[in-house]
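Inside the fold
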Amino acid sequence: MNLRHIEIFHAVYSNGSVSAAARALNVSQPSVTKVLRHAEMLLGFPLFERAKSGLVPTEDAHTLFAEVAEIQTRVYSLRQASQNLRHGRGGTLRVSALPSLSLSALPDAVARFLRDHEGVSFDLQTVHHDDMVRKLYERETDIVVSYEVPPAAPVSHRWLGEGELVVLYREADMPDAPPRIPLEMLRDRPFISPIQSGPIGRLLSAELQRVGVELNEIVSARTFYIASALVKAGVGMTIVDNFTAEAARAPGLAFRPIQPPLAFDIHAVHLQNRPPSGLATAFLKVLSEVIEAL
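Residues numbered from 1 in each chain as written. Predicted model: local features only at pLDDT ≥ 70, side-chain atom pairs only at ≥ 80, totals over all residues. Heavy atoms only, no water.

- An unreviewed UniProt entry annotates the chain as LysR family transcriptional regulator originating from Sphingosinicella xenopeptidilytica.
- Word for word, the UniProt comment on the chain under Sequence similarities (unreviewed entry) is "Belongs to the LysR transcriptional regulatory family." (UniProt positions renumbered as here; feature names shortened; annotations may be inferred.)

1. What to know about the overall build of the chain
- Counting its regular elements, the chain contains eleven helices and twelve strands.
- Taken over the C-alpha trace, the chain has a radius of gyration of 24 Å; the compact-globule value for 294 residues is 19 Å, which it surpasses by more than 25%.
- Overall, the C-alpha framework of the chain stretches about 75 × 45 × 40 Å when taken along its three principal axes.
- Residues counted as buried form 42% of the 294 residues belonging to the chain. (Helix = DSSP H or I, 4+ residues; strand = E, 2+ residues; numbered from the N terminus. Rg over C-alpha atoms; globule rule 2.2 N^0.38 Å. Buried < 20%, exposed > 50% of the residue type's maximum accessible area, 1.4 Å probe, protein only.)

2. Comments concerning the UniProt feature "domain: HTH lysR-type" (unreviewed entry) in the chain
- If you check UniProt for "domain: HTH lysR-type" (unreviewed entry), the listed places come out as residues 1-58 in our numbering.
- In this annotation, residues 1-58 is assigned 62% helix and 14% strand; the end-to-end C-alpha distance for the span is 17 Å.

3. Structural notes on the packing of helix α1 (residues 3-15) against helix α2 (residues 18-25)
- Following both chains from N to C, one finds α1 and α2 inclined at 120°, their axes separated by 8 Å at the closest point. Between α1 and α2, the angle falls in the class oblique. For the crossing formed where α1 meets α2, the hand is right-handed. Side by side, α1 and α2 meet where Glu7, Ile8, Ala11, Val12 and Asn15 of the first sit next to Ala20, Ala21, Ala24 and Leu25 of the second.
- Here the contact of α1 with α2 is composed, by residue class, of seven nonpolar, one polar and one charged. (Axes fitted to C-alpha atoms, helices over the stretch in contact; angles between N-to-C directions. Parallel < 35°, antiparallel > 145°, perpendicular 65-115°, else oblique. Left-handed = near helix turned anticlockwise from the far one by under 90°. Contact = heavy atoms within 4.5 Å. Nonpolar A, V, L, I, M, F, W, Y, C, P; charged D, E, K, R; others polar.)

4. A look at the pattern of salt bridges
- Per the stated rule, a full pass over the model turns up 14 salt bridges.
- Between Glu246 and Arg249 there is a salt bridge; the shortest N-O distance is 3.1 Å.
- A network of salt bridges, in which partner residues are shared, links Asp131, Arg134, Lys135, Glu138 and Glu140. (Salt bridge = Lys/Arg side-chain N within 4 Å of Asp/Glu carboxyl O.)

Written out as structure tokens, the structure is:
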């Protein structure tokens, strides 16, 4: 299948009929039908079946669409970049960040950066540690903002700042909390266990083992935001990074850093053969300033 076949298939699948696809692409119905039939001939299997309600995708079409949708997204990004260059705009920065940074530090940095760089556009994604190298290799993103630099991968990184683990709790559950909370204070309290993998999970697990504290884990949450929502609902208290805690801030909730401090580094990771452009470097400077201010 070439890009024209992919475009037509994507349009028919998304719009549910040849006529709707033709309108979406601003072409004639016969041309859509012709390209679609040619695609099916090349593939050797039908993509749609006719029904009273219109065209119904086959099981093979459902499988193929997952791959086609990703290609269409990349083609759209290419077209957008071409338009930006044609109109003299500043270009597109493709940045991915961990979820904990995507609802606080990253939006603040983007807003601040755009005030001085009006022509720049952003393509933003969330990413998890296990997927960051793949996204860089496959050019889905140019920079990943992460707590960890993948070992044994052809990547480079720039240090952006530090984060810290904090206890997130309802003020009613711990009204006399000290400025910093030792892990011993959490013993026997209902505790929502956050992610146990990744650099944050390993940091917390190592400290709990070092001080010999076993927490009363009543719920295990796979994301920091689920853990934060459970705290809001009164299930218990949790330990998250300060960025997640800041994003979850609400009346009746509070957070305090741990004693002794449990800090971690934040890096901008990129492929060794694709260093950040001057524009990206300027944005990373702003992001670093936002991180340090939180």
